[in-house]
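Listed below, chain by chain, are the residues.
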Amino acid sequence: MSCETVKQKTKHSAKPTSSGKPALYLLKVINNYQDRQTTQKMSKIPKIFHQTRFLLTALALLICAPSYGHDVSAVARERMQNGGVLDYIWTGAEHMLTGYDHLLFLLGVMFFLTRFRDILKFVTAFTLGHTITLVFATYAGITADHYLIDAVIALTVMYKGFENLDGFRRWLACSAPPLLIMVFGFGLIHGFGLSARLQDLTLGSEDGLLAKILYFNLGVELGQIAALLVMAVAIRAWQKTTVWVPITRISNGLLVFFGFLLLLFQLHGYVHESGLIHGPEAGAAAPGEMHSHDGGEPHAH
């Protein structure tokens, strides 16, 4: 074999390298691969924040919700006393859309539902539950301290987040109770909370009281539908992202956390109002007399 032939075979069989040494070339390839992997991992961090910006914004608003939402405003009281059908409906929808505890619970219920049939089933159970107690408790004049009712509602928010995290199986080593029954039962509790708030309103004369309650409940249902549509669109969009699994963990963990904050907030309100720590408030209002707490919205008990 001639020297020229050997040179040609060597030329075609050996891959050129930047330094002429295969070991150094291989090291360079490995380093480039590691750099690409590191870049890809780092790029996922801002991507998570980008794809969860709606969730983070919504939860940030809910942090300060107790300071402005869910109270009976003077305007709403005026509408229920002197308004017409549309005013009653509007007040019900407004109350649902500013009811941060109701919205958090509905978010927990909706989180893993993907089929329309399942969404309809669970929403119907919740709607039936809160309609029963809203209508009958209000019409019969059955009520309780709204701080305590809302504290129990906060527990339902914590429960749903815990259940969504598979907490029963992971930490309690048992199966969760049937979800449909629990949603119906929690609907009864939420309806009692809605009834307590509705009874804080001045409903005017007894004539047409049942009609006012039913129109208010219709508004609650319309507000609930509007909230559910927004939640369904947002959840569907999150499910299509690459960060859906982290979103489920973060969101449901925050449900438990915010539910606990709401529980503390309501218990503090109850303790403050009842005078268990500071003693009875000076000049405590008589039943039915308009008053406020810590500069909040005026209301009556």
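Use the structure listed above.
Residues numbered from 1 in each chain as written. Predicted model: local features only at pLDDT ≥ 70, side-chain atom pairs only at ≥ 80, totals over all residues. Heavy atoms only, no water.

1. Quick look at the environment of Gly 84
Right, on to step 1. Checked against the element boundaries, Gly 84 lands in the loop between helix 4 (74-82) and helix 5 (85-97).
Right, on to step 2. In this structure the C-alpha to C-alpha distance between Gly 84 and Tyr 215, which are 131 residues apart in sequence, comes to 9.7 Å. (Helix = DSSP H or I, 4+ residues; strand = E, 2+ residues; numbered from the N terminus.)

2. Comments concerning helix 8 (residues 146-164)
Right, on to step 1. Spanning 19 residues, helix 8 covers 27 Å between terminal C-alpha atoms, matching the ideal 27 Å at 1.5 Å per step.
Right, on to step 2. The element helix 8 is largely enclosed, with a buried count of 15 among its 19 residues.
Right, on to step 3. Downstream of helix 8 by one or two residues, Asp 166 has phi in the positive range, about 60°. (Expected span 1.5 Å × (residues − 1). Buried < 20%, exposed > 50% of the residue type's maximum accessible area, 1.4 Å probe, protein only.)

3. Brief notes about the pattern of salt bridges
Right, on to step 1. As enumerated under the stated definition, the model contains six salt bridges in all.
Right, on to step 2. Between Asp 118 and Lys 121 there is a salt bridge; the shortest N-O distance is 4.0 Å. Residue Asp 118 and its partner Lys 121 are both found in helix 7 (residues 116-140); the two are separated by three residues, about one turn of the helix.
Right, on to step 3. In this structure Lys 121 comes out as partly exposed when scored by relative accessible area, which is 40%.
Right, on to step 4. Salt-bridge contacts for Arg 169 lead to Asp 166; the nearest nitrogen and oxygen are separated by 2.6 Å.
Right, on to step 5. Classification of Arg 169 as exposed rests on a relative accessible area of 56%.
Right, on to step 6. Through salt bridges with shared partners, one network takes in Arg 115, Asp 118 and Lys 121. (Salt bridge = Lys/Arg side-chain N within 4 Å of Asp/Glu carboxyl O.)

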